[in-house]
Structures are given as structure tokens and as C-alpha cells.
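Chain residues, written in single-letter form:
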Amino acid sequence: MTKIRHLTILGSTGSIGESTLDVVARHPDRFQVVALTANKNVEKLFELCKQFRPSYAVMLNAQSAERLEDKLRTTDVGAKVLSGIESLEKVASLPEIDTVVAAIVGAAGIRPTLSSARAGKHILLANKETLVMAGRIFMDTVRQHRATLLPVDSEHNAIFQSLPQCFNGDLAGSGVRRILLTASGGPFRKMDLEMLETVTPEQACAHPNWVMGKKISVDSATMMNKGLEVIEAHWLFNVAPEKIQVVVHPQSVIHSMVEYIDGSVLAQLGNPDMRTPIAHALGYPERMESGVQSMDIFKIAQLNFEAPDFKRFPCLRLAYEALSKGGNMPAVLNAANEVAVEVFLTGKIPFTAIPAVIEHTMESIDGQEMVDLDDVLKADSLAREIARKWLDNQDWQEQPKGVAILRRAVE
Ligand code: NAD
Ligand code: MG
């Protein structure tokens, strides 16, 4: 009989959280939800608590937690309601859970995700920002505490599925020549460069193939998402940046490939639906029904591939640069990007300001080694401060059109 898994789902009200719970609900005999967390979406967490009856419901925001507690009092759901970052860390490391789905968006995920690693849990990792900010520290913690890491990000899950079963972190020893990391190219792959400065948050969030949270949708439009994924792949699979080839593949059917020294290329294909990688990671090493439809290969008919355009997507170049500089630079890149995306989503800055502020922030901060979480959090907050100040000091009405900003960023 399959062992029941006891779960904490960090970021349960988001897009990955929702897909995870959809898969979990299909297998009530295999999973028990022990803790659900969210930032401040009281209504959604309340509904999830009624459906999944967790022992803990945690909200980062204290007022939201109070409201949730009031609402739960009117029901027979006995969940203990907690708030704050320490409570997120606590439910990520409870003795009564074995598995954590790390699906908080952004840098906010790092402390709870690290806490689950320190507690030696089985971690299903969607929160790529943790690996970008603190790749070495996080991987060392996972090894030291014998935690298990399973990639949920569709590309990394595809790579994992295409690697030999006995893969132990030694890529060359496994006969791997390189990784082909696929990217859809997002909604602006073919747009006139001059038009990029005028695109709206709605346009940037309208991904051609995937339905996702807002932050990762904008990251896909700038291709920063692929940049973050290059860094994620580097740490997860111990692969040198020059052995990771980004491949623009607009259909998002091949989720990534592994090329071996004998010339074989193994790929994982499927509909663009996150329930596939989530079910793979939840059931691993067994396969589980996920609710995903069969792939209609005749309807897809064609698969296309293009080299990435670093001029159109300066964020991708900046991510490679941050990875090759190492130390604090990936954390700086990530923090500046989070600030830029947040402000872009309010409509206050043009799309093309995103790479410009990231580049400015990276240039303003000296390279430094990072030893512990404290170093990472310091690099993160310094980069946020510099990025915010720079954005505040620009006169966006007076700016020559954003193309100039884009040019500055690509030159
Ligand atoms: P989302 O915005 O839809 O959901 C984010 C979740 O995190 C929500 O539950 C929210 O309440 C919670 N959250 C937000 N800020 C928080 C904070 N400060 N403290 C605690 N909790 C907070 O995001 P998403 O699209 O589900 O993405 C989640 C993560 O998964 C991201 O790191 C993203 O890069 C990664 N990912 C997502 C997809 C996808 O298809 N959505 C695919 C691959 C990887
Ligand atoms: Mg991905």
C-alpha cells in the first residue's frame, strides 16, 4: 500500500497552490493536507480550509489571519490559525509532515523553504527565487539535512524526467553533454521593438500558453523567467552555465531536453498544464493521474525552435551575467527584478524600464561572497533600496520614449 503523504502547502492560494490542490483532491487516499498558507487572501484560504480541513492555516498578514480566524469560528473546521514569517517557517518544518510544496512567489519564499530543508523534508520546489538568491546555501542545507528536492518548475521537472534514474549530481559522469532549456518567448516574441515601451501590464500578463501568477507572467514576457531558470538549473543539476542552451519553442509542448554524449536527445512533452509536473513530483517515483488531458499531437502538428534574442530580452543576458559573477549578484538581480515588476504592474513605469533598473542596480553593488542567509537577506534589501530609489528619481513623463531605456540596457 502506498504511504500517505502529509503535506504543507506554502502559497496555497496561488496558481501553483491551486494546481497542487487540484491533484491532491483527486487522491484523498494518498494525501493529507496538514497546513495551508497564504499572504493575505482570506476568502480563498477560508474556502480551501473548508475543503481540505488542515490542522494549520497560516497567513503572513496578521489582520488577515484574524479575519480568517473569525470566519472559521462559524464553521466546524478546527484549523489553528497563525500569522507571521516565523509561523510560515514553523509549518514548513512540523514533525507531523513529510512533504512541503514550496509555492510562495518571490524572495518571500526563502525563509520557509530553507526551514523545510533544515527539517529534512521532501521539498517540491516551485519557488525558484530561493535557488536564485541562495543556490549554494540552499543546496548545502538540503544535503546536510538529507532533505529531498523535487523540481516542480516544468522545465526542471522535464530535465529531471530526462536524466538517468541513477543521476547523482554528476552530469558528465552520467554521459550528459548539455541541457536544452525551452522557453515560449512570451507574448512579445515578435512585437516591434519600438512598441515594447508602450505595452500594458495586462498585455504582459497574457501569456500565450500558460496561466500563471502575475509576477511570473511578467517574468515570462521579459524572459527574466528563463534567466532565473538558467540559474535554477545550474544549482539543481550542478550544470555549468555554458552547458545550458536556452531554446525558444513557441508551442510549449517540449518542456526541456537533455542531450547525451552519444548524440541522443531525450525530451519530456505534454500539454502546458502545471498539474503534470506537480503530479510527477507528488507521486514520485510512482505515476499518478493528474487530470491533464491527452496531448493532441495532430492538433499541435508542428514544433518550432529559435535561438533566443538577447537584444529583445536583455533580462536574459543580465541573468547569465549575474550567474557568471556569482556571489551576491543573482540575489541582487532577483531583488531588482521583483521591485521593477511590482512597480510595472502598478502602471507607473514602462515595460522597458525593467531591464534598465536591474542593470543599474547590478552596476551599483560590489560583488561579494555569501556565507549565510543573513548575507542573502542583506543583499536583497540593499538591491531593493537602490532599485526603488532609481525608479523614484526618474521622470517618467519627461523620459525620452522607453526605447532609449531599452537601448541603454542592451548596449
Ligand atoms: P501566485 O502569485 O499565483 O501565488 C503566490 C502565492 O504565494 C499565494 O498563495 C500568495 O498568497 C503567497 N504569497 C505571496 N506573497 C507572499 C509573502 N510575502 N509571504 C507569504 N506568502 C506569500 O504565484 P504562482 O504563479 O503560483 O508562483 C509561485 C511560485 O512558483 C513562483 O516562485 C513561480 O516562479 C513558481 N512557478 C510558477 C509556475 C506557474 O505556472 N504559476 C510555474 C513554474 C514555477
Ligand atoms: Mg518554468
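About the criteria used
- Residues numbered from 1 in each chain as written.
- Chains lettered and ligands numbered in written order.
- Predicted model: local features only at pLDDT ≥ 70, side-chain atom pairs only at ≥ 80, totals over all residues.
- Heavy atoms only, no water.
- Salt bridge = Lys/Arg side-chain N within 4 Å of Asp/Glu carboxyl O.
- Helix = DSSP H or I, 4+ residues; strand = E, 2+ residues; numbered from the N terminus.
- Buried < 20%, exposed > 50% of the residue type's maximum accessible area, 1.4 Å probe, protein only.
- Pairing = 2+ DSSP bridges.
- Axes fitted to C-alpha atoms, helices over the stretch in contact; angles between N-to-C directions.
- Contact = heavy atoms within 4.5 Å.

Draft legend 1. Highlighting the pattern of salt bridges. Throughout the structure, instances matching the rule amount to 28 salt bridges. For Arg53, the salt bridge identified is with Asp76, shortest N-O distance 3.2 Å. Linking Arg53 in the loop between α2 (42-52) and β3 (56-59) with Asp76 in the loop between α3 (62-73) and β4 (80-83), this pair joins segments that are 23 residues apart in sequence. By relative accessible area, Arg53 is classed as partly exposed at 43%. Asp309 serves as the salt-bridge partner of Arg312, at 3.9 Å between the closest nitrogen and oxygen. Since its relative accessible area comes to 35%, Asp309 is described here as partly exposed. In this structure, a network of salt bridges that share partners links the residues Lys128, Asp153, Glu155, Lys226 and Glu229.

Draft legend 2. Spotlight on the sheet that holds strand β6 (residues 122-125). Strand order across the open sheet formed by seven strands is β4-β3-β2-β1-β5-β6-β7, with parallel pairing between neighbours. This sheet does not close on itself; its edge strands, each paired only once, are β4 and β7 (148-151). Strand-to-strand twist in this sheet, taken as the mean axis angle between neighbours without regard to direction, amounts to 20 degrees. Of the strand pairs in this sheet, strand β5 (residues 99-102) and β6 are connected by four bridges, and their pairing is parallel. What sits directly across from Thr99, in β6, is His122. Seen against the sheet, α3 touches β3 and β4 and runs at an angle of roughly 170 degrees to β4.

These values are about where atoms sit, not about what they do.
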